[in-house]
Amino acid sequence: MIDLHCHSYYSDGLLSPAELVARAQDAELTFLALTDHDTVDGLAELHAAAAGTALTIINGIEISVHWKKYDIHILGLGVDPSNQLLEKLIQQQKTLRIDRAQRIGEILKTVGIQDAYEKARALAGHERVGRPHFAAILVQEGKAPDIQGAFKRYLGRGKIAYVPSVWISLKKAVEGITVAGGQAVIAHPLKYKLTRTKLHELIKDFKMVGGCGLEVISGETTSADAQTLTLLCKKFDLLASSGSDYHGTGLSRVGLGRQMKLPEQCMPIWQMWNGV
Ligand code: MN
Ligand code: MN
Ligand code: MN
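Residues numbered from 1 in each chain as written. Chains lettered and ligands numbered in written order. Predicted model: local features only at pLDDT ≥ 70, side-chain atom pairs only at ≥ 80, totals over all residues. Heavy atoms only, no water.

1. Looking at the coordination of the manganese ion (ligand 2)
Reasoning step 1: Protein coordination of the manganese ion (ligand 2) is provided by E62 (OE), H73 (ND1) and H188 (NE2), with donor distances spanning 2.2 Å.
Reasoning step 2: Spacing between the donor residues of the manganese ion (ligand 2) along the chain follows E-x10-H-x114-H.
Reasoning step 3: Between the manganese ion (ligand 2) and the manganese ion (ligand 1) there is a metal-metal distance of 5.6 Å. Taken as a pair, E62 in strand β3 (residues 56-67) and H73 in strand β4 (residues 70-77) lie far apart in primary sequence, 11 residues in all.
Reasoning step 4: Classification of E62 by relative accessible area gives buried; the value is 1%.
Reasoning step 5: In this structure H73 comes out as buried when scored by relative accessible area, which is 19%. (Donors = N, O, S within 2.8 Å, 3.2 Å for Na, K, Ca; no water. Helix = DSSP H or I, 4+ residues; strand = E, 2+ residues; numbered from the N terminus. Buried < 20%, exposed > 50% of the residue type's maximum accessible area, 1.4 Å probe, protein only.)

2. Some remarks on the pattern of salt bridges
Reasoning step 1: Across all of its chains, the model carries eight salt bridges by this definition.
Reasoning step 2: Between D41 and R128 there is a salt bridge; the shortest N-O distance is 3.7 Å. Of this pair, D41 sits in the loop between β2 (31-34) and α2 (43-50) while R128 is found in the loop between α4 (116-124) and α5 (131-140), placing the two residues 87 residues apart along the sequence.
Reasoning step 3: Here K119 makes a salt bridge to E141, at a shortest N to O gap of 2.9 Å. Taken together, the residues span a long stretch of sequence, with K119 in helix α4 and E141 in the loop between α5 and α6 (147-155) at a distance of 22 residues. (Salt bridge = Lys/Arg side-chain N within 4 Å of Asp/Glu carboxyl O.)

3. Re the coordination of the manganese ion (ligand 1)
Reasoning step 1: Protein-derived ligands of the manganese ion (ligand 1) are D12 (OD), H37 (NE2) and H247 (NE2), with the metal-ligand distances lying across 2.1 to 2.2 Å.
Reasoning step 2: Counting gaps between the donor residues of the manganese ion (ligand 1) yields the pattern D-x24-H-x209-H.

4. Regarding the pairing of β4
On a regular strand, each side chain points to the face opposite its neighbour's, so the side chains alternate between the two faces of the sheet.
Reasoning step 1: Most of β4 is tucked away: eight of the eight residues are buried.
Reasoning step 2: A two-sided burial pattern is seen for β4, the buried positions comprising Y70, I72, I74 and G76 on one face and D71, H73, L75 and L77 on the other.
Reasoning step 3: Two strands pair when backbone bridges link them, and β3 and β4 are joined in this way by eight bridges, in the antiparallel orientation. Within the sheet, the bridge partner assigned to G60 lies in β4 and is L77.
Reasoning step 4: The loop that links β3 with its antiparallel partner β4 comprises two residues; one of these, K68, has a positive phi angle of about 50°. (Pairing = 2+ DSSP bridges.)

5. Considerations on the environment of I203
Reasoning step 1: Checked against the element boundaries, I203 lands in helix α8 (residues 196-208).
Reasoning step 2: Put simply, I203 and A180 are 23 residues apart on the chain and 21 Å apart in space, counted from C-alpha to C-alpha.

6. Description of the packing of aromatic side chains
Reasoning step 1: Tallied over the entire structure, the rule returns three aromatic pairs.
Reasoning step 2: Aromatic pair F31 and W273: ring centres 5.8 Å apart, planes at 45°, arrangement tilted. Here W273 lies in the segment after β7 (239-242) and F31 lies in strand β2, a separation of 242 residues in the sequence.
Reasoning step 3: For W273, a relative accessible area of 16% gives the class buried.
Reasoning step 4: Relative to Y70, the ring of W67 has its centre 6.1 Å away and its plane inclined at 25°; by these criteria the two rings are stacked. (Phe/Tyr/Trp six-rings, centres within 6.5 Å; stacked < 30°, edge-to-face > 60°.)

Structure (structure tokens):
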């Protein structure tokens, strides 16, 4: 099995890179990509933990991009984390993310949560705080019954603490990934609830700037979704990726490496990688 999408506590996951390696070994994975949101900070630790095991590590990242009025996630697989252009993009995203987090913190003060940004930062263990961290604080302070409830009432699009983020463009992200030697993949393409027309438009724009794959299987993909995405790969001549999007027990329903199998009609993105 292969898992090309997961998170450590360097973004919004719960586990350390070393704990992810242990889970990957339990699941008997051959390939594991760590794809933290807008950061490659966990990769060195992941490599160190996987040294001497049968596990092959793929350097990954999940970059949030702004496309039309949507937030889309682009996976970069096989990137060189020390590439200068990629580093610059990551720095830019970091500034945008901290800025957004501070604004969310300000708004949450108006609903009675003091120092929400500082609390979320303490919870995350780093300053690149995301909405799931704020959701956890809202739950902790009794403002929401659970994470989903916190998004529904406060953090989701159109709610009081929703701060639209203007991430870098699709073009910039895909180019950055490609220049850094990686392959760009649209993460969980059906999660954005785009119309069919819009989704086709996104895929065309993505291909135009050098994108090469769709994540056909994600943690919560249904067989019907997998079928739809398989057909899209065929139609647009794209490679297929597969990953659990594991964030940790309690946050993810599907464990590391436990996602559905890739449909046989797909061309796996890892087909040309060495050692498969
Ligand atoms: Mn996440
Ligand atoms: Mn995502
Ligand atoms: Mn993810």
